[in-house]
Amino acid sequence: MSTPSPTSTVALATRTLSPRQRGVRRFLRNRLAVFGIVTIALFLLFCFVGPLLYPTDQVHTDLRSTMLPPGSPGHPLGTDDVGYDILGRLMAGGQISILIGLAAGVLATVIGTLWGAIAGYVGGIVDTVMMRIVDAAIAIPATFLLLILSAVLRPSVPLMICVIGLVSWLVPARLVRAESISLKSREYVLALRAMGGSHSRAVLKHVVPNTVGTIVVNATFQVADAILLVAYISFLGMGLQKPATDWGAMLTSGMTYTYAGAWWLIFPAGFCIVLTVCAFNSIGDGLRDFFDVKGRAA
């Protein structure tokens, strides 16, 4: 009796795995995706648990302890121009940056998903009008709109979440619309309509759930883009006002002292922004592998 080769054994074991298990295996094989998950988990602990272990006063200024370099007693990363502890400032700024990024990303994904699903499913003149609105809105730079609104209205966390979410839903709307066009002619959707099911039920029960892969992957990119938009606006001086802060606002404050050699006012916040955005993008790439249903070998 011939013994099975190692290759055939691996292939047989792969075929016995469920689609979800194969997706998990593909995700875990993506080292950048795993790195992204670990990085975001560490940032969440740093920003939301860190202040409990390392409490600092991020409301009242301390003019006796301004511009202290890293390694100063009681200030591992130094202080800024008004005496705020930089390490504590990173935690407080990270809370706002991540909160706005996550909330705005979810809001943009929900709006874009419903818009695109309805446009693709209904089709005809409704699809044409809805997508022309998307085309017109996507031609306007989001940063430009955010700057105008920040100049007119007083920036706050809820306002920035709403504004960023309302200017970021256009890309997911296009992606979901393309998926909906192909899904609306599937047998299970036609069967539902033949049995008297409503259009809203078809969209919410069949079209949207079957685009979950596209939605989830794009949502991670939306979060990364939202964090960058917050940094852009704050860097241009139109973000939250002190004592509230985010990583972009910390960059703005630090730029004033660039030529004075106060590198600790710039590099920590910049490093956090870059690492967080790269981590979310890596997670998105890993999720794309996870939801791959084309039969690629695990």
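Named according to an unreviewed UniProt entry, the protein is Peptide ABC transporter permease originating from Microbacterium arabinogalactanolyticum. Quoted straight from UniProt, the Subcellular location (unreviewed entry) entry for the protein says "Cell membrane". You can read under Sequence similarities (unreviewed entry) in the UniProt record for the protein the words "Belongs to the binding-protein-dependent transport system permease family."

Draft legend 1. Just the environment of Thr 211, in detail. Relative to the assigned elements, Thr 211 resides in the loop between helix H10 (199–207) and helix H11 (212–235). With relative accessibility at 1%, the residue Thr 211 sits in the buried group. With 31 residues separating them along the chain, Thr 211 and Ser 180 place their C-alpha atoms 7.8 Å apart. Ignoring sequence-local partners within four residues, the contact set of Thr 211 consists of Val 176, Glu 179 and Leu 183.

Draft legend 2. How the structure looks around the nonpolar core. Counting 29 residues, the largest nonpolar core has Ile 86, Leu 90, Trp 247, Met 250, Ala 269, Ile 273 and Phe 280 as the members making the most contacts within it. For this core, the elements supplying multiple residues, two or more each, are helix H3 (31–53), helix H4 (86–122), H11, helix H12 (247–255) and helix H13 (267–290). With 8 residues, H13 is the single largest residue contributor to this core. In contact with Ala 269, not counting residues within four places along its chain, are Leu 90, Trp 247, Met 250 and Leu 251. Among the nonpolar cores identified, the runner-up in size contains 13 residues, and Ala 104, Leu 146, Met 160 and Ile 233 belong to it.

Conventions we followed
Residues numbered from 1 in each chain as written. Predicted model: local features only at pLDDT ≥ 70, side-chain atom pairs only at ≥ 80, totals over all residues. Heavy atoms only, no water. UniProt positions renumbered as here; feature names shortened; annotations may be inferred. Helix = DSSP H or I, 4+ residues; strand = E, 2+ residues; numbered from the N terminus. Buried < 20%, exposed > 50% of the residue type's maximum accessible area, 1.4 Å probe, protein only. Contact = heavy atoms within 4.5 Å. Core = buried A, V, L, I, M, F, W, Y, C linked by side-chain atoms within 4.5 Å.

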